[in-house]
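# Breakdown of the fold
So you can see what is in the structure, the chains are spelled out below.
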Amino acid sequence: MTSRVASMRDAVADLVRDGDTVAIEGFTHLIGFAAGHEIIRQRKRDLTLARLTPDVIYDQMIAGGVASKLVFSWLGNPGVGGLGAIRRRIEGDIPDQPLAIEEYSHFGMVGRYTAGAMNLPFFPLRSYFESDMPAANPLIRPIQSPYGDGTIYAVPPLKPDVAIIHAQRASEAGDTQVWGLLGCQKEAAFAADRVIIVVEELVSEDVIRADPNRTIIPGLIVDAVVVEPWGAHPSYVQGAYDRDNRFYLDWDPITRDEDAVQAWLRDWVYDLDGRAAYIEKLGAERIASLRPSEPAPSGSVDYGTYR
């Protein structure tokens, strides 16, 4: 068995290259914040960032100057509001950091990853009718069904250079197991040229084989496995820790002000040498409040410490 275990620093340095298309997937939970922060910390540049629902992590990465383009469906701070860092760059408020955008529906992005994973030239959708999206994105194209039942739309395949997937656990060989709410992690991984898996826990092959239906990504397509507990915070990992809802609420006033965003990045990304330092800075009480089995007493946590 070939071990694919690497540090986050080495995995990002080796596998994420300037100019790449990078997909960090995960739907509401299992969002790769630690990986995104390491990309910022290493000052990668001119990336195309792809994601079904860009939220706070892409706001932070784009504020960090890593991206020149965003490929997405819906963006926002879920349940709270907008993403100011992204908006300022789209609207040209920061002229030296322009951001191109390419927008699809959720199903359109899923179709793109699926086409990429299956090596198809396009993915057909009976969608986008009575929508302005094809006018805004010329890559969404009407085509005639070859079976004579009218017009449909097609989207092109999406084949990221790198897919970064957070998961509950994996083996040293990269066999990756996920449970809970799934997005399109599997499709993104199979569509990508290079795959980084970030996990809460490294387990033996016997554990993987004892519960094989949880395995969504086989090690044969994985390039690196990074063991990074709490690497999805402030999103959640089912069975490990809860969503840090207060983080998302507190991000709203931060994202509205560019100086505040840059100050947050200095304090929580650039000035820290990795995720362990980030977790230490969060503090034991904050961490305890997010463990499903170890809730902190109500009102005992200072949620303002990371500002």
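Among the secondary structure elements, Arg88 is positioned in helix α4 (residues 84-90). Taking the C-alpha atoms as reference points, Arg88 and His106, separated by 18 residues in sequence, lie 23 Å from one another. Leaving out residues up to four positions away in the same chain, Arg88 has contacts with Asp93, Ile94, Thr255, Arg256, Asp257, Glu258 and Val261.

Right, let's talk about a nonpolar patch on the surface for a bit. Side chains of Val5, Leu202 and Val227 sit close together on the surface and give an oily, nonpolar patch of about 190 Å² of accessible area. Structurally, Leu202 is set in strand β10 (residues 194-202). Look at Leu202 and you get partly exposed, because its relative accessible area is 30%.

Phi is mostly negative for residues that are not glycine, and the peptide bonds are mostly trans. Note the cis peptide between His233 and Pro234, where omega equals 15°. Residue placement: Pro234 occurs in the loop between β12 (224-227) and α9 (245-255). In this structure, Arg43 takes a positive phi of about 55° despite not being glycine. Assignment of secondary structure puts Arg43 in the loop between α2 (33-41) and β2 (47-51). Although it is not a glycine, Asn119 sits at a positive phi angle of roughly 55°. Inspection of the secondary structure puts Asn119 in the loop between α5 (106-118) and β5 (123-125).

Considering all chains together, one arrives at nine aromatic pairs under this definition. Pairing Phe107 with Phe123 gives two aromatic rings, centres 6.2 Å apart and planes at 80°, and the pair type is edge-to-face. Separated by 16 residues along the polypeptide, Phe107 in helix α5 and Phe123 in strand β5 bring together distant segments of the chain. Given a relative accessible area of 45%, Phe107 falls into the partly exposed group. Ring centres of Trp268 and Tyr278 lie 5.3 Å apart, and the angle between their planes is 75°; this geometry places the pair in the edge-to-face category. Placement of the pair is Trp268 in helix α10 (residues 258-270) and Tyr278 in helix α11 (residues 275-282), with a sequence separation of 10 residues.

Interaxial distance between α2 and helix α3 (residues 56-63) falls to 9 Å at its minimum, and their mutual angle equals 5°. As far as their axial angle goes, α3 and α2 are roughly parallel. Residue-level contacts link Phe33, Gly36, His37, Ile39 and Ile40 of α2 to Val56, Ile57, Gln60 and Met61 of α3. Among the residues making up the contact of α2 with α3, the classes are represented as six nonpolar, three polar and no charged.

What follows concerns the sheet that holds strand β6 (residues 141-144). Strand order in the open sheet made by the three strands is β5-β7-β6, with antiparallel pairing throughout. At either end of the open sheet lies a strand with only one pairing partner, and these are β5 and β6. Strand-to-strand twist of the sheet, defined as the mean angle between neighbouring strand axes without regard to direction, takes the value 45°. Looking at chain direction, β6 and strand β7 (residues 151-155) are connected through four bridges and run antiparallel.

How each quantity is defined
- Residues numbered from 1 in each chain as written.
- Predicted model: local features only at pLDDT ≥ 70, side-chain atom pairs only at ≥ 80, totals over all residues.
- Heavy atoms only, no water.
- Helix = DSSP H or I, 4+ residues; strand = E, 2+ residues; numbered from the N terminus.
- Contact = heavy atoms within 4.5 Å.
- Patch = residues over 30% accessible without salt bridge, like charges linked within 9 Å, V, L, I, M, F, W, Y side chains within 5 Å.
- Areas by Shrake-Rupley, 256 points an atom, 1.4 Å probe, with all protein chains shown as cover.
- Salt bridge = Lys/Arg side-chain N within 4 Å of Asp/Glu carboxyl O.
- Buried < 20%, exposed > 50% of the residue type's maximum accessible area, 1.4 Å probe, protein only.
- Phe/Tyr/Trp six-rings, centres within 6.5 Å; stacked < 30°, edge-to-face > 60°.
- Axes fitted to C-alpha atoms, helices over the stretch in contact; angles between N-to-C directions.
- Parallel < 35°, antiparallel > 145°, perpendicular 65-115°, else oblique.
- Nonpolar A, V, L, I, M, F, W, Y, C, P; charged D, E, K, R; others polar.
- Pairing = 2+ DSSP bridges.

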